[in-house]
Amino acid sequence: MESLSPGFRGRRRGVADRLPPGQYPTEDFPVLSAGPTPQVATDDWEFTLTSEKGVAHRWGWDAMMALPQEEPVVDIHCVTRWSKFDTRWRGVPMDAFLEGVETEAVHAMFESYGGYSTNVPLADLRNGRAWLVHTFDGYPLAPEHGGPARMLVPRLYFWKSAKWVRGVRLMPDERLGFWEQMGYHHYGDPWREQRVRGD
Ligand SMILES: Nc1nc2c(c(=O)[nH]1)N[C@H]1C(S)=C(S)[C@@H](COP(=O)(O)O)O[C@H]1N2
Ligand SMILES: [Mo]
């Protein structure tokens, strides 16, 4: 499967080459949440993609599970400096949600149950670069890690991977999410060490 290739290539490189500048590797899976963990039952769960013209596309849990599923194996990098190699997920590539959606948007804003938000350029959500995931290491995603479903955007710092995701808004212009408004970098590429605005 195409989505396995980044992790596969990764395992063939030395650990040092896989560690972005200023990061350290860990086997742990720390929990980083800006607020309390929202409890969202899969029966009530919905994911809404809203185009820049305000057209809403909605998927309930079963409809989301009926979309094509992939199993990305990727390294994740938190801006607090931990990196975790070869994390194994299962979920729906963003391409599947975007298919057939008419848009000229350039940016996107993820919104979460509980109120978190984070902005990502639309190009970083296409071509197997981002997934809505519901399974980690073979088990349903734990609530503290964003269950029932979260985003996975592994090319960017992990704050860009919204937990408890409820929707994404497509936008012509860049707007800033929760941490980005607080001074974090608007893009957040770990390989260019874009931690805070100005990096
Ligand atoms: N909804 C929501 N998503 C979020 C956060 C949050 O506080 N709320 N924290 C972000 C940050 S800073 C990181 S590093 C990762 C942490 O994910 P984890 O708790 O599963 O390690 O989630 C990101 N997504
Ligand atoms: Mo983070």
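Structural data are supplied above this passage.
Remember, predicted model here, so these are calculated numbers, not experimental data.

This brings us to the sheet that holds strand β3 (residues 56–60). Strand order in the open sheet formed by 5 strands is β3-β2-β11-β6-β7, and the pairing between neighbours is mixed. Strands with a single pairing partner mark the edges of an open sheet, and in this sheet they are β3 and β7 (117–121). With strand direction ignored, the average angle separating the axes of adjacent strands in the sheet is 15 degrees. As judged from the 3 bridges shared by strand β2 (residues 46–50) and strand β11 (residues 165–171), these two strands associate in the parallel manner. Bridge pairing in β11 places Thr 50 opposite Arg 169.

Residues in a regular strand point their side chains to alternate faces of the sheet. Taking burial as the measure, the 5 residues of strand β4 (residues 73–77) include 5 buried ones, the bulk of the element. Of the two faces of β4, the one carrying Val 73, Asp 75 and His 77 and the one carrying Val 74 and Ile 76 are both buried. When β4 meets strand β5 (residues 82–93), the two strands line up antiparallel, connected through 4 bridges. Bridging across to β5, Val 74 finds its partner in Thr 87.

A word on the environment of Phe 110. Residue position: Phe 110 is located in strand β6 (residues 107–112). Distance from Phe 110 to Ala 96, taken between C-alpha atoms, is 16 Å for residues 14 residues apart in sequence.

This part covers the pattern of salt bridges. This model, assessed by the stated rule, comprises 10 salt bridges. For Arg 58, the salt bridge goes to Glu 46, with nearest N and O atoms at 3.7 Å. Here Arg 58, found in strand β3, pairs with Glu 46, found in strand β2; they are 12 residues apart in sequence, far enough to count as distant. Between Arg 169 and Glu 111 there is a salt bridge, with its nearest N and O atoms 3.0 Å apart. Of this pair, Arg 169 sits in strand β11 while Glu 111 sits in strand β6, and the two are 58 residues apart along the sequence. Given the relative accessible area of 27%, Glu 111 is considered partly exposed.

A complete count under the given rule lists 15 aromatic pairs for this structure. Ring geometry for Phe 29 and Trp 89: centres 6.2 Å apart, planes at 90 degrees, overall edge-to-face. Of this pair, Phe 29 sits in the loop between β1 (24–25) and β2 while Trp 89 sits in strand β5; the two residues are 60 residues apart in sequence, bridging distant segments of the chain. Assessed through its relative accessible area of 1%, Trp 89 is described here as buried. Centroid distance Trp 159 to Tyr 184: 5.0 Å. Interplanar angle 75 degrees. Geometry classified as edge-to-face. In this pair, Trp 159 sits in the loop between β10 (150–152) and β11 while Tyr 184 sits in the segment after α5 (178–181), placing the two residues 25 residues apart along the sequence. An aromatic cluster is defined as three or more aromatic residues linked by ring pairs; in this entry it consists of Tyr 116, Tyr 157, Trp 159, Phe 178, Trp 179 and Tyr 184. Taking NZ or CZ as reference, Arg 18 lies 4.5 Å from the ring centre of Phe 85, over its face.

Each neighbour pair has its own omega, and for Gly 147 with Pro 148 the value is 15 degrees, a cis peptide bond. Inspection of the secondary structure puts Pro 148 in the loop between β9 (139–140) and β10. The phi dihedral of Asn 127 is positive, around 60 degrees, even though this residue is not glycine. Summarising the element assignment, Asn 127 is placed in the loop between β7 and β8 (131–136).

By the element assignment, Asp 75 lies in strand β4. Linking Asp 75 and Arg 88, residues 13 residues apart in sequence, is a C-alpha distance of 9.1 Å. Setting aside its immediate chain neighbours within four residues, Asp 75 contacts Arg 18, Lys 84, Phe 85, Asp 86 and Pro 154. Reaching out from Asp 75, the side chain makes a polar contact with the backbone nitrogen of Asp 86 at a distance of 2.9 Å.

Conventions adopted
Residues numbered from 1 in each chain as written. Chains lettered and ligands numbered in written order. Predicted model: local features only at pLDDT ≥ 70, side-chain atom pairs only at ≥ 80, totals over all residues. Heavy atoms only, no water. Pairing = 2+ DSSP bridges. Helix = DSSP H or I, 4+ residues; strand = E, 2+ residues; numbered from the N terminus. Axes fitted to C-alpha atoms, helices over the stretch in contact; angles between N-to-C directions. Buried < 20%, exposed > 50% of the residue type's maximum accessible area, 1.4 Å probe, protein only. Salt bridge = Lys/Arg side-chain N within 4 Å of Asp/Glu carboxyl O. Phe/Tyr/Trp six-rings, centres within 6.5 Å; stacked < 30°, edge-to-face > 60°. Lys NZ or Arg CZ within 6 Å of the ring centre and 35° of its normal. Contact = heavy atoms within 4.5 Å. Polar contact = N/O pair within 3.5 Å; in protein donor to acceptor, adjacent residues only side chain to side chain.

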